[in-house]
Amino acid sequence: MIVVMADATKQAAVMQFRRTAVWHAHSAASGGGRALKHWLEDRGSLTARLVARCRQFRVQKLSQQLAGSLADEFAALGLARRTKVHQREVILRCDGVPVIYGHTVVPLSASHQQWPLFSSLGERSLGSTLFSDPLVQRGDLQFARLNAGHPLMQRIWRELPELRGIHSLPARRSLFWRKGACLMVTEVFLPAVLQLPPAGAVNTINREQQAADVQSAVSLNQA
């Protein structure tokens, strides 16, 4: 009995500190529960959903650079091995509160013509450009629970030390395709997303900027 308990404890420790996630086609794999189910499974613009639930929406860009692909994402990108990718990481904030950690990667084989806005987004929303471009197609959603050892959890703790007491978080990801090139967006759902009010319950002050971002995306993508 003691041996069995020791083995179970060891297995739990290994799972907690594993550096890869196991991605599934069903949202239950995220461990987000019923409260988060509609957030996870919605295929529309996450940016638009957040904008409708806060007075001021902000994209806080953390980095945009060449970086190594993660161990659990290179195969999904169609890469034969772990290699460098274009990486962008952001925190989405509603009224200053962090609600989503976003991680986007693009293979180096993708050209500027295929993803014309990616390199110059700054603190504009990637979601606004993706969902306003008729050439973009979204793939299937995948879901996982990120444990303490996952690189994205480590980065979240570094940027948001107040979340260090949380040892796992629900996440989803999907591929987007444009002119034969893909990019992958991973969204990690932070606890505060469940505290947001219903859509339309607040008056946003950033709708004009959001509309301007969409118009800019449409103009450049048509170029």
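Residues numbered from 1 in each chain as written. Predicted model: local features only at pLDDT ≥ 70, side-chain atom pairs only at ≥ 80, totals over all residues. Heavy atoms only, no water.

A. The overall build of the protein, seen in detail. A tally of helices and strands in the protein yields six helices and seven strands. Of the regular secondary structure in the protein, the N- to C-terminal order runs α-α-α-β-β-β-α-β-β-α-β-β-α. Sorting the 223 residues of the protein into buried and exposed places 49% on the buried side. Contacts in the protein between residues far apart in sequence, at least 24 positions, make up 71% of those at least 6 positions apart. (Helix = DSSP H or I, 4+ residues; strand = E, 2+ residues; numbered from the N terminus. Buried < 20%, exposed > 50% of the residue type's maximum accessible area, 1.4 Å probe, protein only. Contact = heavy atoms within 4.5 Å.)

B. The nonpolar core, seen in detail. Counting 19 residues, the largest nonpolar core has Trp 39, Leu 50, Phe 57, Phe 189 and Val 193 as its most contacted members. In contact with Leu 50, not counting residues within four places along its chain, are Trp 39, Phe 57, Leu 92, Cys 94, Val 99, Ile 100, Val 193 and Leu 196. Of all hydrophobic cores here, the second largest spans 18 residues; its members include Leu 70, Met 153, Leu 163 and Leu 190. (Core = buried A, V, L, I, M, F, W, Y, C linked by side-chain atoms within 4.5 Å.)

C. Structural context of the state of the cysteines. In this structure the tally under the stated criterion is zero disulfides. Here Cys 54 is not cross-linked by a disulfide; its sulfur's nearest cysteine counterpart is in Cys 94, at 3.3 Å. Accessibility expressed as a relative area gives 0% for Cys 54, which makes it buried. (Disulfide = S-S within 2.5 Å.)

D. Region of interest: the pairing of strand E3 (residues 97-107). With 10 of 11 residues buried, E3 lies mostly within the body of the structure. Where strand E2 (residues 84-94) and E3 come together, 10 bridges link them in antiparallel fashion. Residue Cys 94 lies in a different strand from E3, and its bridge partner there is Val 97. Two elements, E3 and strand E7 (residues 181-189), share six bridges in a ladder whose sense is antiparallel. Bridge assignment links Val 105 to a residue of E7, and that residue is Met 184. (Pairing = 2+ DSSP bridges.)

E. Local environment of the pattern of salt bridges. Counted according to the given criterion, the structure contains six salt bridges. Lys 37 is the salt-bridge partner of Glu 41, the closest N and O atoms lying 2.7 Å from each other. Remark: Lys 37 and Glu 41 occur in helix H2 (residues 33-41); sequence separation between them is four residues, near one turn of the helix. Taking the relative accessible area as the measure of exposure, Lys 37 reaches 40% and is therefore partly exposed. Residue Glu 89 pairs with Arg 155 through a salt bridge whose shortest N-O separation is 2.7 Å. Of the two residues, Glu 89 is situated in strand E2 and Arg 155 in helix H5 (residues 151-159); the sequence distance between them amounts to 66 residues. Across this residue pair, the class does not change: Glu 89 and Arg 155 are buried. (Salt bridge = Lys/Arg side-chain N within 4 Å of Asp/Glu carboxyl O.)

F. Representation of the environment of Val 185 in the model. If you trace the backbone, Val 185 turns up in strand E7. Sequence separation between Val 185 and Val 105 is 80 residues; the distance between their C-alpha atoms is 6.8 Å. With residues near it in sequence (within four places) discarded, Val 185 still touches His 103, Thr 104, Leu 126, Leu 130, Arg 172, Arg 173, Ser 174 and Phe 176.

G. Geometry of the confidence of the model for the protein. With 83% of its residues at a pLDDT of 70 or more, the protein shows a mean pLDDT of 87. Taken together, the stretch residues 1-6 has pLDDT below 50 and engages in zero contacts with residues farther than four places along the chain or on a different chain. When the criterion is pLDDT under 50, residues 214-223 qualifies, and its contacts beyond four places in sequence or with other chains add up to 13 contacts. (pLDDT = per-residue confidence, 0-100.)

H. View of the side chain of Gln 87. Mapping Gln 87 onto the fold places it in strand E2. Separated by 3.4 Å, the side chains of Gln 87 and Arg 155 make a polar contact. Each residue touching Gln 87, except ones within four places of it in the same chain, is listed here: Ser 63, Gln 64, Gln 65, Ala 67, Gly 68, His 103, Thr 104, Val 105 and Arg 155. (Polar contact = N/O pair within 3.5 Å; in protein donor to acceptor, adjacent residues only side chain to side chain.)

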